[in-house]
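Observations on the three-dimensional arrangement
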Amino acid sequence: MSAKNEIKKVLKKIGLLQHAPGINQVKWGSFKRTAPFSTEFGYDRGGPVDRYYIENFLEKHKLDIKGDVLEIGDNEYTLKYGGDRLVKSHVLHVDDKNSNATYVGDLSDAPHVPDNAFDCIILTQTLHLIYHHNKAIETCYRILKPGGVLLLTVPGISNIDFTDWAHLWLWAYTDSAIKLLLQEAFPKENFEVGVNGNVMVATAFLYGMGLPEMDKSKLDQTDPHYQVIITARAVK
């Protein structure tokens with residue numbers, strides 16, 4: 001079977017093979033513009049589209065968020081999904097001006113964070129800001145307790161932040177890349193990687209549409225050719 005026919009077979013299987021308009025018959029409508037609707041990832045239009053996948057992933061695995069939990073950046077998701085299963089919430093932040101940080105430093109070079117210390121690490125939408133991202137994954141493995149869980153999300157198809165993080169936005173990922181990164185530290189049988197998105201979601205996200213503007217039934221259709229968010233659960 002040719003590659004083209006194989007792609008059609010996959011798209012048909014997941015319900016994404018639809019009739020395409022003919023050449024010069026596409027109606028651009030509101031998308032006939034080179035500027036996005038929002039340069040803030042849709043925060044100013046009701047919230048980012050990609051958060052739908054991130055928060056669904058954390059909700060699915062919320063029972064892993066228990067005991068001593070380390071979240072990178074802040075502890076919003078720890079408190080939201082950990083509930084009464086938490087013993088202590090810890091935060092690692094790269095900026096020493098963050099008064100809520102339990103630990104300060106770069107996740108890829110954090111010898112001051114103790115070994116075998118955490119039951120869960122929440123690492124959402126941060127790995128792409130770390131140059132030595134493989135070292136960051138190694139740190140996560142080292143500081144997890146045996147049986148501890150890393151809950152990871154990363155961007156695939158995305159625009160780039162134009163504010164504080166612009167100079168640190170280094171990577172975009174695929175599920176294959178995340179599998180290779182994880183297997184450098186975790187046994188292959190100890191992690192699972194998922195993808196989320198389709199061409200409509202990717203387009204909406206790039207234009208800066210907000211989550212309330214999206215049809216949930218469209219969000220829930222996954223086409224692996226258009227990976228907006230990649231998720232991973234890895235166990236030490």
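Residues numbered from 1 in each chain as written. Predicted model: local features only at pLDDT ≥ 70, side-chain atom pairs only at ≥ 80, totals over all residues. Heavy atoms only, no water.

Turning our attention to the pairing of strand 2 (residues 86–93). One ladder, built from 6 bridges, connects strand 1 (residues 67–72) with strand 2; its direction is parallel. Paired with Val69 across the two strands is Ser89, which belongs to strand 2. At this point the chain moves from strand 1, through helix 3 (residues 76–82), to the parallel strand 2, and the crossover so formed is right-handed. The pairing of strand 2 with strand 3 (residues 103–104) spans 2 bridges and is parallel. (Pairing = 2+ DSSP bridges. Helix = DSSP H or I, 4+ residues; strand = E, 2+ residues; numbered from the N terminus. Right-handed = clockwise from strand over helix to strand, strands pointing away.)

To continue, consider the environment of Ala101. Tracing the sequence through the fold places Ala101 in the loop between strand 2 and strand 3. Excluding residues within four positions of it along the chain, Ala101 makes contact with Val91 and His93. (Contact = heavy atoms within 4.5 Å.)

Turning to unusual backbone geometry, a few remarks are in order. The backbone phi angle of Asn116 is positive, close to 50 degrees, even though this residue is not glycine. Mapped onto the secondary structure, Asn116 falls in the loop between strand 3 and strand 4 (118–124). Using a relative accessible area of 43% as the deciding quantity, one classes Asn116 as partly exposed. Notably, Gln125 is not glycine yet its phi reads approximately 50 degrees, a positive angle. Here Gln125 shows up in the loop between strand 4 and helix 4 (133–143). (Buried < 20%, exposed > 50% of the residue type's maximum accessible area, 1.4 Å probe, protein only.)

Core analysis: the largest hydrophobic core is formed by 32 residues, its most contacted members being Leu127, Leu150, Leu152, Ile178, Leu182 and Phe186. Elements with a contribution of two residues or more to this core: strand 1, strand 4, helix 4, strand 5 (144–155), helix 5 (175–183), strand 6 (191–196) and strand 7 (229–235). Not counting residues up to four positions away in its chain, the partners in contact with Leu152 are Phe57, Leu123, Leu127, Ile137, Ile178, Ile230, Thr231 and Ala232. Counting 27 residues, the second-largest nonpolar core is a separate cluster that includes Tyr81, Leu129, Ala204 and Val228. (Core = buried A, V, L, I, M, F, W, Y, C linked by side-chain atoms within 4.5 Å.)

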